[in-house]
Amino acid sequence: FLGVLNKAFSWCSLLMLPLPMCVTMVLTLDLVREVLLTFETYLLFSFDLSLFIAAVRLLRDSRCIFWCCFLPSMVVASFIDAYPSRYRPLFSKQFFIGFSIVLVAWTGGLYSGRCAPVHDAPWHAGLLEVSIASTTLSTTSTLLMFCLRHCYVAFVQPDEFVVIASSLRTDHRQVEEELKIINGQLW
């Protein structure tokens, strides 16, 4: 019975696909270009891809459908700064709280054994014994920190960008100011 239920829940994850498609259609192109210029975007892409590959390699059954459907949302997460500013704080709160729940549930389920069976054969690199499951902990922890940062900005500084940072240049210039006295006041 549980096998059928798990398969049904896996196929229900197809309902996640419309969200990233709709979000992609409302993103501001100028801000998307700015997001693509940041190193953080590519770092997040690499973490997303690493987590996706690790999850698929660990599960190897119909539960992979969830990760295939969640991958577009993971990619769109990097572009939330390009979401329309009027709705960005509300959307960020909901989106990244949901994203965080997925990461915590995956990590908790993986390490508590609730995601069993998983195909995790350890391999050796010199004296180190490494497994796919153990490497996902650092990836999910890092992604969770990015999610929490987005949530913090959405709650505390709703008008600020998270990924886009303006480049600043400091320069000291000599300024000569001319003062005039008009009607007894200094201008």
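Residues numbered from 1 in each chain as written. Predicted model: local features only at pLDDT ≥ 70, side-chain atom pairs only at ≥ 80, totals over all residues. Heavy atoms only, no water.

**Student:** Explanation requested: helix α6 (residues 88-112) in the structure shown.
**Tutor:** Side chains that are three or four residues apart share a direction in an α-helix, a result of its 3.6 residues per turn. Between the first and last C-alpha of α6 there are 35 Å, a value that for 25 residues agrees with the 36 Å anticipated at 1.5 Å per step. Positive phi shows up at Gly-113, right after α6, with a value of about 90 degrees. (Helix = DSSP H or I, 4+ residues; strand = E, 2+ residues; numbered from the N terminus. Expected span 1.5 Å × (residues − 1).)

**Student:** How do you make sense of the nonpolar core when you look at a structure like this?
**Tutor:** When a protein is soluble and globular, its nonpolar side chains tend to lie buried together. The biggest cluster of nonpolar side chains holds 40 residues, and the ones touching the most others in it are Trp-67, Phe-96, Phe-99 and Trp-106. Elements with a contribution of two residues or more to this core: α3 (29-36), α4 (39-59), α5 (64-76), α6 and α7 (132-156). Tallying contributions element by element places α6 first for this core, with eight residues. Residues in contact with Phe-96, not counting those within four places in the same chain, are Ala-77, Ile-80, Cys-147, His-150 and Cys-151. (Core = buried A, V, L, I, M, F, W, Y, C linked by side-chain atoms within 4.5 Å. Buried < 20%, exposed > 50% of the residue type's maximum accessible area, 1.4 Å probe, protein only. Contact = heavy atoms within 4.5 Å.)

**Student:** Even after reading the chapter, I still don't get the packing of α4 against α5, so can you show me in this structure?
**Tutor:** A packed helix pair is summarised by two numbers, namely the angle formed by the two axes and the spacing between the axes. Remark: α4 packs on α5, axes separated minimally by 10 Å, with the N-to-C direction vectors making an angle of 175 degrees. As summarised for this structure, α4 and α5 are arranged roughly antiparallel, according to the angle between their axes. Facing Phe-45, Asp-48, Leu-51, Phe-52, Ala-55, Val-56 and Leu-59 of α4, the residues of α5 in contact are Cys-64, Trp-67, Cys-68, Leu-71, Met-74 and Val-75. Class assignment for the residues of the contact of α4 with α5 results in twelve nonpolar, no polar and one charged. (Axes fitted to C-alpha atoms, helices over the stretch in contact; angles between N-to-C directions. Parallel < 35°, antiparallel > 145°, perpendicular 65-115°, else oblique. Nonpolar A, V, L, I, M, F, W, Y, C, P; charged D, E, K, R; others polar.)

**Student:** Can you help me understand the packing of aromatic side chains in this one?
**Tutor:** The geometry of an aromatic ring pair comes down to the distance between the two centres and the angle between the two planes. Applying the stated rule across the entire model yields twelve aromatic pairs. Relative to Trp-67, the ring of Phe-66 lies with its centre 5.3 Å away and its plane at 90 degrees, an arrangement referred to as edge-to-face. Summarising the aromatic geometry, the rings of Phe-91 and Phe-95 are spaced 5.4 Å apart at their centres and angled 25 degrees between planes, so their arrangement reads as stacked. Of this pair, Phe-91 and Phe-95 both sit in helix α6, four residues apart, which is roughly one turn of that helix. Neither residue differs from the other here; Phe-91 and Phe-95 are each classed as buried. One aromatic cluster is present, formed by Phe-66, Trp-67, Phe-70, Tyr-83, Phe-91, Phe-95, Phe-96, Phe-99 and Trp-106 through successive ring pairs. (Phe/Tyr/Trp six-rings, centres within 6.5 Å; stacked < 30°, edge-to-face > 60°.)

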